[in-house]
Amino acid sequence: MKGSHRIIVQNKRIRYDFEVKRNITVIRGDSATGKTALVAMIREHFENGNASGVELTCDKECTVLDGRTWAGQLSMMRNCIVFIDEGNDFVMGDDFADAIQKTDNYYIIITREGIPSLPYSVEEIYGIRDSGKYGILKRTYNEFYHLYQISGFHQPVKPKQIITEDSNSGFHFFHGICEKKGQIACISAQGKSKIFSAVTNHLDEKILVVADGSAFGPEMGKLMSLMERFSNIVLYLPESFEWIILKSGVVEGNGIAEILEHPEDYIESKDFFSWERYFTALLIRSTQGGYLKYSKKQLNPAYLQEKVSDKILSVMDSIDLS
């Protein structure tokens, strides 16, 4: 499945209206915010149609996955939007992550905790809030909102320490830039799950954390709690390092600008478990045979040439690495 899909589900009391555009969407929040009611309405409509009193509008079939027989249920689901309510502990396991990797479904998972085994985007973590009444029927309109607001910086950020998620080309690039400038230290956390620990070891410095936003969702909760206590931590969460390169314009052709404008229209969920994987494949394909030939494991030195690196760094608005 690919593309953006609007879901409208309502009964006489409640209406939900939202869009999903990635294979994994996570809904967080406390009790009594309407999360379980949403899943219940999806289930009622799937089992009984309009006779359930629930109206559902979507261009894809919406269904619910739960219980001990989840694996068997999942094997029969094709091209669906699959809702999973909190309390289904199987979503935390590697078996579930492995099972959904090559499926063509989208998944909407309700949970109060991060799911370490799944690479979901910080952009697709939502809460639900009540946004008002509906006429004489007194419907409550429930809307989704981004749980974590990671937006542009209000003033230039000049870090003393950069911590990157990976130890591959992204780290090689930032480490090379820092060596040239001589003012900033750069280390790799050796994986997104180790960023929290790496940050806690440098709390006396101005820290810039660079990680793949397209898969960093599971780590956001504990890192945001740390940022509430320490104001010297700044997050920069592009889709991926490869996305930064593509966005910079140093690589031309192949309809890259159009893809970056609406990536959901190009990324097939059964082929790419996260958008980071897609942007890596796109960059490798787009640079094949050229002087900017890209490798995930080891950075091509051409990316550290000043005219190229300056264009890449220009994508990182308001971050000063001089």
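Thresholds applied
As a convention, each chain's residues are numbered from 1 in the sequence order in which they are written. Where local features are concerned, this predicted model is filtered to residues with pLDDT of at least 70; where side-chain atom pairs are given and counted, the filter is 80 or more; whole-chain, interface and lining totals use all residues. As a rule here, side-chain values cover all heavy atoms of the structure and leave hydrogens and water aside. Secondary structure elements follow DSSP: runs of H or I no shorter than four residues count as helices, runs of E no shorter than two count as strands, and numbering proceeds from the N terminus. Note on classification: 1.4 Å probe, protein chains only; a residue is buried when its accessible area is under 20% of the maximum for its type, exposed when over 50%, partly exposed between these limits. In what follows, a contact means two residues having at least one pair of non-hydrogen atoms within 4.5 Å. Any two rings among Phe, Tyr and Trp, with Trp reduced to its six-membered ring, count as a pair given centres within 6.5 Å; such a pair is stacked if its planes are under 30 degrees apart, edge-to-face if over 60, and tilted if neither. Throughout this description, the term charge over a ring refers to an Arg CZ or Lys NZ atom that lies within 6 Å of the ring centre and within 35 degrees of the ring normal. Strands are labelled as partners when DSSP assigns at least two bridges between them. For every element, the axis is a line fit to its C-alpha atoms; helices are fit only across the contacting stretch, and the angle between N-to-C directions ranges from 0 to 180 degrees. Side-chain atoms within 4.5 Å link the members of a nonpolar core, which is a set of buried Ala, Val, Leu, Ile, Met, Phe, Trp, Tyr and Cys residues. Basic side-chain nitrogens of Lys or Arg form a salt bridge, by our definition, when they fall within 4 Å of a carboxyl oxygen of Asp or Glu. Lining residues are defined by having an atom within 4 Å of a point belonging to a cavity or pocket. Those points lie on a 1 Å grid over the protein atoms alone, cavities being sets where a 1.4 Å probe fits but cannot get out and pockets being open sets with protein on both sides within 12 Å along at least five of seven lines. Grid points are joined across faces, edges and corners, and a volume is the space filled by probe spheres set on the points. Relative orientations are named as follows: roughly parallel for angles under 35 degrees, roughly antiparallel for angles over 145 degrees, roughly perpendicular for angles from 65 to 115 degrees, and oblique for any other angle. Two helices crossing with the near one rotated counterclockwise from the far one by less than a right angle form a left-handed crossing, whereas a clockwise rotation gives a right-handed crossing. For the handedness criterion, the strands are oriented away from the viewer, and a crossover whose path from the first strand over the helix to the second runs clockwise is classed as right-handed. The pLDDT value tells you how sure the predictor is about a given residue, anywhere from 0 up to 100. Whenever a nitrogen or oxygen atom comes within 3.5 Å of another N or O atom, the pair is scored as a polar contact, on the condition that within protein one atom can donate a hydrogen and the other can accept it, and that pairs from neighbouring residues in sequence are kept only if both atoms are in side chains.

Considerations on the overall build of the protein chain
Item 1. Scanning the protein chain from terminus to terminus reveals 10 helices and 13 strands.
Item 2. Along the three orthogonal principal directions, the C-alpha set of the protein chain runs to about 65 × 45 × 40 Å.
Item 3. Looking at the 322 residues of the protein chain, the share that counts as buried comes to 53%.
Item 4. Taking all contacts inside the protein chain whose residues are at least 6 apart in sequence as the whole, residues at least 24 apart take part in 66%.

Description of the packing of aromatic side chains
Item 1. In total, this model carries 10 aromatic pairs according to the counting rule given.
Item 2. Measuring from centroid to centroid gives 5.2 Å for Phe 272 and Tyr 278, while their planes differ by 90°, and the two rings are edge-to-face.
Item 3. Put simply, the rings of Trp 70, Phe 90, Phe 96 and Tyr 107 pair up and form one aromatic cluster.
Item 4. Of note, Arg 22 hangs over the ring of Trp 275, and the distance from its end group to the ring centre comes to 3.6 Å.

Some remarks on the sheet that holds strand β11 (residues 185-188)
Item 1. Pairing in this open sheet of four strands is parallel, and the strands run β11-β10-β12-β13 from one edge to the other. Of all strands in the sheet, those with a lone pairing partner are β11 and β13 (233-236), marking the two edges. When the angles between neighbouring strand axes are averaged without regard to direction, this sheet yields 20°.
Item 2. Taken together, the four bridges between strand β12 (residues 207-210) and β13 define a ladder with parallel strand orientation. Bridge assignment links Leu 208 to a residue of β13, and that residue is Val 234.
Item 3. Along the sheet, helix α4 (residues 169-181) makes contact with β10 (161-164), β11 and β12, crossing β11 at roughly 165°.

So, the nonpolar core
Item 1. In terms of nonpolar packing, the biggest core is built from 41 residues, with Ile 162, Phe 174, Leu 208, Tyr 236, Ile 245, Tyr 303 and Leu 321 touching the most fellow members.
Item 2. The set of elements that each furnish at least two residues to this core consists of α4, β12, β13, α7 (241-248), α8 (256-261), α9 (275-287) and α10 (306-314).
Item 3. Once residues within four sequence positions are removed from consideration, Leu 208 is found in contact with Pro 159, Gln 161, Ile 162, Ile 163, Val 234, Tyr 236, Met 316, Ile 319 and Leu 321.
Item 4. Judged by nonpolar contacts, the second largest core, of 22 residues, contains Met 1, Val 39, Phe 83 and Ile 108.

A few points about the pattern of salt bridges
Item 1. Applying the stated criterion across every chain, the model contains 12 salt bridges.
Item 2. With a closest N to O distance of 3.5 Å, Arg 22 and Glu 124 form a salt bridge. Placement of Arg 22 in the loop between β2 (14-20) and β3 (24-27) and of Glu 124 in the loop between β7 (106-110) and β8 (125-134) is noted, with a sequence separation of 102 residues between them. Each member of the pair, Arg 22 as well as Glu 124, is classed as buried.

Considering empty space enclosed by the protein
Item 1. In the structure shown here, the tally under the stated rule is four cavities of 30 Å³ or more.
Item 2. In this structure, the largest cavity is lined by 13 residues; those nearest its centre are Asp 166, Gly 170, Val 210, Asp 212 and Phe 241.
Item 3. Counting only elements with at least two residues in the lining of the largest cavity, the list comes to α4 and α7.
Item 4. With three residues, the top contributor of residues to the lining of the largest cavity is α4.

Section: the packing of α4 against α10
Item 1. At their nearest, the axes of α4 and α10 sit 12 Å apart, and the two run at 110° to each other. Judged on the interaxial angle alone, α10 and α4 are roughly perpendicular. Like other packed secondary-structure pairs, α4 and α10 cross with a definite hand, here left-handed. Packed against α4, whose contacting residues are Phe 173, Ile 177 and Lys 180, the element α10 presents Glu 306, Ser 309, Ile 312 and Leu 313 at the interface.

Some points on the pairing of strand β5 (residues 61-64)
Item 1. Two elements, β5 and strand β6 (residues 80-84), share four bridges in a ladder whose sense is parallel. Counted as the bridge partner of Thr 63 is Val 82 from β6.
Item 2. In the classification by handedness, the crossover that spans β5, the intervening helix α2 (residues 70-75) and the parallel β6 is right-handed.

Here we look at the confidence of the model for the protein chain
Item 1. Put simply, the protein chain has an average pLDDT of 89, and 90% of its residues get 70 or more.
Item 2. Considering only residues more than four positions removed or in separate chains, one finds that residues 133-141, a stretch of pLDDT under 50, has 24 contacts.

Topic: the side chain of Glu 239
Item 1. Of note, Glu 239 is situated in the loop between β13 and α7.
Item 2. Glu 239 sits in the buried class, given a relative accessible area of 16%.
Item 3. Within polar-contact distance, the side chain of Glu 239 engages the side chain of Arg 22 at 2.7 Å.
Item 4. Ignoring anything within four residues of it in the chain, the contact list for Glu 239 reads Arg 22, Asp 212, Gly 213, Ser 214, Trp 275, Glu 276 and Phe 279.

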